[in-house]
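Per-entry structural report
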Amino acid sequence: MIMLEYLEIGDLILENGDRISNVKIAYNVYGDIKRAEKIIWVCHALTANSDAQTWWPDMIGDGEIFDTQKYAVVCANILGSCYGTTFEHAAKPLISIRDMVVAHQQLANYLNVKTIDLLCGGSLGGMQCLEWSIANPDLIKNLFLIATNCKHSSWGIAFNEAQRMALELGEKGIDAARAIAMLSYRHYKTYEYSQVDHIDAIDEFSAASYQRYQGEKLRKRFTPDAYYYLSKAMDTNNVARNRGSLEKALGGIKAQTLTIGIDSDILFPHQEQEYIARNIPGANFELITSKFGHDGFLLETDKIKTLLKTYFEFL
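Our subject in this report is the structure included herewith. (Residues numbered from 1 in each chain as written. Predicted model: local features only at pLDDT ≥ 70, side-chain atom pairs only at ≥ 80, totals over all residues. Heavy atoms only, no water.)

The calculated volume of the largest pocket comes to roughly 580 Å³. Along the wall of the largest pocket there are 34 residues; nearest its centre are Thr47, Arg178, Arg221, Asp295 and Leu298. Those elements that place two or more of their residues in the lining of the largest pocket are helix H1 (52–55), strand S8 (118–122), helix H4 (154–167), helix H5 (173–185), helix H7 (206–221) and helix H11 (296–299). For the lining of the largest pocket, the leading source of residues is H7, giving 5 residues. Its residues assigned to classes, the lining of the largest pocket shows 17 nonpolar, 12 polar and 5 charged. (1 Å grid on protein atoms, 1.4 Å probe; cavity = no way out; pocket = protein on both sides within 12 Å on 5 of 7 lines; lining within 4 Å. Points joined across faces, edges and corners; volume = space filled by probe spheres on them. Helix = DSSP H or I, 4+ residues; strand = E, 2+ residues; numbered from the N terminus. Nonpolar A, V, L, I, M, F, W, Y, C, P; charged D, E, K, R; others polar.)

Looking now at the environment of valine 113. Assignment of secondary structure puts valine 113 in the loop between helix H2 (97–110) and S8. In sequence terms valine 113 and leucine 139 are 26 residues apart; their C-alpha atoms lie 8.7 Å from each other. Ignoring sequence-local partners within four residues, the contact set of valine 113 consists of Ile33, Ile39, Trp41, Ala108 and Leu139. (Contact = heavy atoms within 4.5 Å.)

Within strand S10 (residues 256–262), 6 of the 7 residues are buried, which leaves it mostly tucked inside the rest of the structure. Both strand S9 (residues 142–146) and S10 contribute to a ladder of 5 bridges, which runs parallel. Within S10, the residue paired with phenylalanine 144 across the bridge is leucine 258. Taken together, the 5 bridges between S10 and strand S11 (residues 284–288) define a ladder with parallel strand orientation. Bridged to threonine 259 within S11 is phenylalanine 285. For the segment spanning S10, helix H10 (residues 270–279) and S11, crossover handedness is right-handed. (Buried < 20%, exposed > 50% of the residue type's maximum accessible area, 1.4 Å probe, protein only. Pairing = 2+ DSSP bridges. Right-handed = clockwise from strand over helix to strand, strands pointing away.)

Turning our attention to the side chain of aspartate 99. Inspection of the secondary structure assignment puts aspartate 99 in helix H2. The side chain of aspartate 99 sits in the buried core without any salt bridge; arginine 241 is the nearest counter-charge, 7.6 Å away. Every residue in contact with aspartate 99, bar those within four places of it in the chain, is listed here: Leu12, Ile13, Leu14, Glu15, Leu79 and Leu94. (Lys, Arg positive; Asp, Glu negative; His and termini not counted. Salt bridge = Lys/Arg side-chain N within 4 Å of Asp/Glu carboxyl O.)

With that settled, the discussion passes to H4. Given a rise of 1.5 Å per residue, 14 residues ought to cover 20 Å, and the 20 Å separating the end C-alpha atoms of H4 matches this to within 8%. Every buried residue of H4 is accounted for by Gly156, Phe159, Asn160, Gln163, Arg164, Ala166 and Leu167. Around the axis of H4, the buried residues are gathered within 155° of arc, so they sit on the same side. Packed against the buried residues of H4 are H5 and helix H8 (224–235). (Expected span 1.5 Å × (residues − 1). Arc of directions from axis to C-beta.)

See the structure below:
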């Protein structure tokens, strides 16, 4: 079992000028970081955590594509999450994607990481990867992005605001927020495939039970504050901010880049990943077919591994 580790970095000035204090970063390292052939850094998504092997088990481990016998795999719990990373503040500060990356940078310095051979992430994780690759282009050698964007869409922000409105309803507001989110994570075809009722059903439909189940499950493992922080952080995603334009910002990335889109993703349509690939020098784009919508970035690991092996020779 990989133990959760911590790094205390003291105070952190956020992008908007606010200060959070007594910041402690929780992180996991798989493999021997001092002897590893390569360093792989995974940035996690909204309700995930730094124990990346638990939510990407077919990707990370002995003999897997991110082989922990050869490579060191690092994943840090992000600012605002409720899975180990902590800070002190009198109110709810606005944490941005850039703030998360500043914390990652401090952890990388502490771990004496001079080169990240592969930086990868999906969804909110991909946002962090893009921001980091722009902020520190010489640090990142290879970049893998899936189901993400370089500027969060009005559609995505609207989904997030609807979830925050649900959070305001009280104790079980997080249940409703998660139910809203599930509609964006999946697809019409996903529900038609997985939530099937008897032809004579008149009540207690499978899809209704599924929504309530997902809401209750998240309430038991996540906090409303974390949901608020991270949905607001996702809204801040815009690599062009104070950099002139999206094209200029993406054009500064030096990493060999692969972006993957999912044909059924309604939250991050594949056109967003195509745009990223068009504007990063030498980047490649691939589209995978999935009935799982946005959640395909977690579930379609066989297809993902095939593409990774095609584009990154060391894997």
